[in-house]
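# Structural overview
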Amino acid sequence: MNPRIDRAAVLTIVLASVFALTIGVAVGFVTTFTHSQYVPWGLAAGLVVVLALVAGFRLVFDSRIIAGAAGLGVLAAIARLTLPGAGGSVLVFDDPIGYIWAIAPAVLAAAAVAWPRRRRPRMDE
């Protein structure tokens, strides 16, 4: 049996993934700039925002692909801003807060993407 590919569903997933990736990059940039400004509240708020973004995409779209795109966008922005800039300035310092910021968003995004699907109510119950 050869299943037909629903083009509308594929297009929806692609467009939603591009949207999620873009929003993820924006969130990653903003939270990387603000994670160390109000220690420890900036770090905690940034981690909550990252988790809420990825978990929100996971719950709304019920798709790991779209949530993964949001997580990938966040992690790409964090990775880019972790590296030294052209003038040698860094945004993520070599301290415990910087280490937490470099590792925790990846762990939280992976946990939100890997979370099992929510159960659908059955019609016969």
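Relevant structure appears above.
The following refers to the structure shown. Predicted model only: the values in this text are computed from it and were never measured.

Criteria and cut-off values
- Residues numbered from 1 in each chain as written.
- Predicted model: local features only at pLDDT ≥ 70, side-chain atom pairs only at ≥ 80, totals over all residues.
- Heavy atoms only, no water.
- Helix = DSSP H or I, 4+ residues; strand = E, 2+ residues; numbered from the N terminus.
- Rg over C-alpha atoms; globule rule 2.2 N^0.38 Å.
- Expected span 1.5 Å × (residues − 1).
- Core = buried A, V, L, I, M, F, W, Y, C linked by side-chain atoms within 4.5 Å.
- Buried < 20%, exposed > 50% of the residue type's maximum accessible area, 1.4 Å probe, protein only.
- Contact = heavy atoms within 4.5 Å.
- Phe/Tyr/Trp six-rings, centres within 6.5 Å; stacked < 30°, edge-to-face > 60°.

Let's shift gears to the overall build of the protein chain. Across its full length, the protein chain carries four helices and zero strands. Tracing the protein chain from N to C terminus, the helices and strands come up as α-α-α-α. Since a compact globule built from 125 residues should have a radius of gyration of about 14 Å, the 17 Å found for the protein chain marks it as more spread out than a globular shape. Taken over the C-alpha atoms alone, the protein chain extends approximately 60 × 35 × 20 Å along its principal axes.

Turning our attention to helix H2 (residues 41–61). Since one α-helical turn is 3.6 residues long, residues separated by three or four positions face the same way. Over its 21 residues, H2 extends 30 Å from the first C-alpha to the last, a length consistent with the 30 Å expected when each residue adds 1.5 Å. Note on H2: the residue one or two positions beyond its end, Asp-62, has a positive phi of about 50°.

Let us look at the nonpolar core. Of all hydrophobic cores here, the largest spans 22 residues; its most connected members are Ala-20, Leu-53, Val-54, Phe-57, Val-74 and Trp-101. With near-sequence residues (within four places) excluded, Phe-57 lies in contact with Phe-19, Ala-20, Ile-23, Asp-62, Ile-66, Ala-67 and Ala-70.

Turning next to the packing of aromatic side chains. A complete count under the given rule lists two aromatic pairs for this structure. The interplanar angle of 75° and the centroid separation of 6.1 Å between the aromatic rings of Phe-19 and Phe-57 together place this pair among those described as edge-to-face. With Phe-19 in helix H1 (residues 7–34) and Phe-57 in helix H2, this pair connects stretches of sequence that are 38 residues apart. With a relative accessible area of 46%, Phe-19 lands in the partly exposed category. Aromatic pair Phe-57 and Phe-61: ring centres 5.9 Å apart, planes at 15°, arrangement stacked.

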